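Here's the letter readout for the chains.
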Amino acid sequence: QWSFSAAATTIVSGSVAERTKFEAYLGYSFFLCAFVYPVIVHWGWSGQGWLGPWRTETGDGGGKLLAGSGMLDFAGSGIVHLTGGVAGLMGAWIVGPRTGRFASDGRVNPMPGHSAPLVVLGTFILWLGWYGFNPGS
């Protein structure tokens with residue numbers, strides 16, 4: 001569970017990159033891992049969660065299943081990406097655009113990429129990491 005929770009927080013890091021102090025990101029990550037993520041995981045992965053497909057309509061008092069079948073989350077991808085994506089969206093909305101992104105008259109300033117070789121290297125590192133992460137889940 002820790003690796004899934006950490007994966008949700010890393011999605012947020014890309015959303016607020018270069019716009020927050022490191023201490024603020026640590027606090028946000030702690031809040032997400034300690035309070036938000038466990039609640040959402042319970043909703044989808046537990047037998048009593050309102051999104052879970054294992055509830056019975058009358059056996060646990062949970063009511064009808066979502067869309068008649070519940071949400072079956074294969075390997076945790078839905079919960080992890082939903083949590084990280086919504087938290088990242090809210091973080092980016094609260095923090096606002098990067099400094100220098102817009103000119104004083106509202107025009108968009110160009111922000112070209114920095115290094116194509118480093119982008120390719122990062123892609124290969126992520127690709128290799130996914131081979132270790134996904135089979136383990």
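Bear in mind that the values here come from a model prediction, so they are computed numbers and not experimental data.

Tallying secondary structure elements over the protein chain gives four helices and zero strands in all. When the elements of the protein chain are put in sequence order from the N terminus, they spell out α-α-α-α. When each of the 137 residues of the protein chain is scored for burial, the buried share is 24%. Carbon together with sulfur atoms contributes 70% to the accessible area of the protein chain, which is approximately 9,600 Å² in total.

So, on to the nonpolar core. In this structure, F4, A7, A8, Y37, I40, V41, I79 and V80 together form the largest nonpolar core, which totals eight residues. Of all the secondary structure elements, the ones that give two or more residues to this core are α1 (2-15), α2 (22-45) and α3 (77-95). Setting aside residues no more than four positions away along its own chain, A8 makes contact with L32, Y37, V80, T83 and G84. Core analysis: the second largest hydrophobic core is formed by five residues, V16, Y25, L32 and A87 among them.

This paragraph deals with the environment of S5. The topology assignment puts S5 in helix α1. Considering only alpha carbons, one finds S5 and G84, 79 residues apart in sequence, at a separation of 8.9 Å. Setting aside residues up to four positions removed in sequence, S5 forms contacts with C33 and Y37.

This brings us to a nonpolar patch on the surface. Nonpolar side chains collect at one region of the surface, where L82, V86, L89, M90, W93, I94 and V95 lie side by side and expose about 740 Å² of accessible area between them. With respect to the helices and strands, the residue V95 is situated in helix α3.

As for its position among the elements, R19 is in the loop between α1 and α2. The partly exposed category is assigned to R19, whose relative accessible area is 23%. Residues R19 and V95 lie 76 residues apart in sequence; the distance between their C-alpha atoms is 6.8 Å. With near-sequence residues (within four places) excluded, R19 lies in contact with A92, V95, G96, P97 and R98.

Here is what the cut-offs are and how they apply
- Residues numbered from 1 in each chain as written.
- Predicted model: local features only at pLDDT ≥ 70, side-chain atom pairs only at ≥ 80, totals over all residues.
- Heavy atoms only, no water.
- Helix = DSSP H or I, 4+ residues; strand = E, 2+ residues; numbered from the N terminus.
- Buried < 20%, exposed > 50% of the residue type's maximum accessible area, 1.4 Å probe, protein only.
- Areas by Shrake-Rupley, 256 points an atom, 1.4 Å probe, with all protein chains shown as cover.
- Core = buried A, V, L, I, M, F, W, Y, C linked by side-chain atoms within 4.5 Å.
- Contact = heavy atoms within 4.5 Å.
- Patch = residues over 30% accessible without salt bridge, like charges linked within 9 Å, V, L, I, M, F, W, Y side chains within 5 Å.
- Salt bridge = Lys/Arg side-chain N within 4 Å of Asp/Glu carboxyl O.

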